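# Observations on the model geometry
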Amino acid sequence: MAGPIIRNYKGGSIIYFEKDRSEDIYVLRNGRVVLTYTAIDTGYEVKEDVRLGEFFGVKSALGKYPREETAQVIGGATVLVFKLHEFEEFVAEKTHLILKMMKVFSSQLRQVHKKLGEILGQSEARNPAFELMNVGEVFYKNNNLDHAAYAFTKYLDHYPTGPYAGRATELLDLTKKGSPYPINMPPLVYDAASSRATPDMQTIMKPAAEKSNLAAGMDNTITSLYNRAHTFLNVGKFEEAAAIFKDLMVRSDFKYDSEKKLVDNALFQMGVCFLKLNNLETASSTFSTYIKKHPSGESVKESLFHLAEIAEQQGDRQRAGMLFGKVALLPPERDSLSQKSRQKAKELSS
């Protein structure tokens, strides 16, 4: 057999991206490689170092499915690269390697089953309603639309008046249409009120009028209001959305950092509403105010992008090009906003 090749990578290089399709299998000889993936139980990004001498990219190559993680080189690294047939020949006579990998995979499967059990309420999950919604969104973000739709349907079956009911309805509708996960969807946040409002069977079976009264009683939580306003925004009810975001901007009764982030982000969402209503001057002022008040806020990049769009609509090509160029350089530089901004900056400079 030809055998593996040696490949040297500079720091910052990407060996492969999540969702790439490739049958190459790697072994870290020296240096550092970090695998980045989304945890199924939290939806948060997880980083994991590859140990020296360890194989990576094995499961997706053997299973012939897209990569489950991104492999990035930190500070430089040297790896051995096997083609699939080379790897199969290599391990065929090395029983100890096969057994070692089986143990690793078995351990990983046990961890996945344990996490899924917690998420679905089979053990003491902190809030089954939140966790069920989170599972649906993780499936959706990974383009597993059938599983996502199933999770959203189950959420609505069990929590028809829950704080995420509007969000679940909206995402379920999008999955049925085969639409990608909406990039402007605010992050799912834990709502402490929902853990105290888990409905029993009597609640679920109440008449519609009583359900609406119960829902009205829950609508004053920051998370519920934010989700409701965003649902209005996504279905084109911009004035209704703006009114709720305006109320949220003055809320100071948040108990958790996640609630404070929603209050802070309500200002950005107000700008989006004004932009949708074609009130460009007010939208521009609102986005600028958001950037000044929250210079490290999670929506700064989107605010700059919208300011660039507004400048272009107003005929100020120089300012638009400058702003698009600025957006393109903000991390992460490979997302859709950066790619679109680079293209727009190039068009405006020609």
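These lines cover the structure that appears in this document, whether it is placed above or below. (Residues numbered from 1 in each chain as written. Predicted model: local features only at pLDDT ≥ 70, side-chain atom pairs only at ≥ 80, totals over all residues. Heavy atoms only, no water.)

For the rest of this paragraph, the subject is the side chain of Asp 24. Structurally, Asp 24 is set in the loop between strand S2 (14–16) and strand S3 (25–38). Not counting residues up to four positions away in its chain, the partners in contact with Asp 24 are Gly 57, Ala 61, Arg 67, Val 81, Phe 82 and Lys 83. (Helix = DSSP H or I, 4+ residues; strand = E, 2+ residues; numbered from the N terminus. Contact = heavy atoms within 4.5 Å.)

Throughout the structure, instances matching the rule amount to ten salt bridges. Put simply, Glu 54 and Arg 51 hold a salt bridge, and the shortest N to O gap is 3.7 Å. Classification of Glu 54 as partly exposed rests on a relative accessible area of 25%. Between Arg 251 and Asp 253 there is a salt bridge, with its nearest N and O atoms 2.8 Å apart. Assessed through its relative accessible area of 43%, Asp 253 is described here as partly exposed. (Salt bridge = Lys/Arg side-chain N within 4 Å of Asp/Glu carboxyl O. Buried < 20%, exposed > 50% of the residue type's maximum accessible area, 1.4 Å probe, protein only.)

What follows is about the environment of Ser 252. Structurally, Ser 252 can be placed in the loop between helix H11 (238–249) and helix H12 (257–276). Distance from Ser 252 to Ile 222, taken between C-alpha atoms, is 9.8 Å for residues 30 residues apart in sequence.

Here we take up helix H6 (residues 165–177). Taking 1.5 Å per residue as the helical rise, H6 with its 13 residues ought to reach 18 Å, and the 19 Å between its terminal C-alpha atoms agrees with that figure. Turning to H6, the residues buried within the fold contact helix H4 (128–141), helix H5 (145–158) and helix H10 (222–234). Trailing H6 by a residue or two, Gly 178 shows a phi angle of about 75°, which is positive. (Expected span 1.5 Å × (residues − 1).)

What follows covers the packing of H12 against helix H14 (residues 300–313). H14 packs onto H12 with a crossing angle of 25° between their chain directions and a minimal axis gap of 11 Å. Judged on the interaxial angle alone, H14 and H12 are roughly parallel. At the point where H12 passes H14, the crossing takes the left-handed sense. Seen from H12, the contacting residues are Phe 268, Val 272 and Leu 275; seen from H14, they are Glu 302, Ser 303, His 306, Glu 309, Ile 310 and Gln 313. In the contact of H12 with H14, the residues fall into four nonpolar, three polar and two charged. (Axes fitted to C-alpha atoms, helices over the stretch in contact; angles between N-to-C directions. Parallel < 35°, antiparallel > 145°, perpendicular 65-115°, else oblique. Left-handed = near helix turned anticlockwise from the far one by under 90°. Nonpolar A, V, L, I, M, F, W, Y, C, P; charged D, E, K, R; others polar.)

Here we take up the side chain of Ser 284. Its place among the elements puts Ser 284 in helix H13 (residues 280–293). Overall, Ser 284 belongs to the buried group, its relative accessible area being 18%. Ignoring any residue separated from it by four or fewer positions in sequence, one finds Ser 284 in contact with Leu 307 and Ile 310.

Packed helix pairs are characterised by how far apart their axes lie and by the angle those axes make with each other. One can describe the packing of H6 onto H10 by two numbers: an axis separation of 8 Å at closest approach and a directional angle of 30°. Considering their axes alone, H6 and H10 lie roughly parallel with respect to each other. Only Asn 227, His 230, Thr 231 and Asn 234 of H10 make contact with H6, whose side of the interface consists of Gly 166, Arg 167 and Glu 170. Split by residue class, the contact of H6 with H10 holds no nonpolar, five polar and two charged.

Taking 1.5 Å of rise per residue, the 14 residues of helix H16 (residues 336–349) would be expected to cover 20 Å, and the 20 Å separating its terminal C-alpha atoms lies within 8% of that figure. Those residues of H16 that sit buried are Leu 337, Ser 338, Ser 341, Lys 344, Ala 345 and Leu 348. Down the axis of H16, the smallest arc covering the buried residues is 125°, so these residues share one side. Considering only its buried residues, H16 is in contact with H14 and helix H15 (317–329). (Arc of directions from axis to C-beta.)

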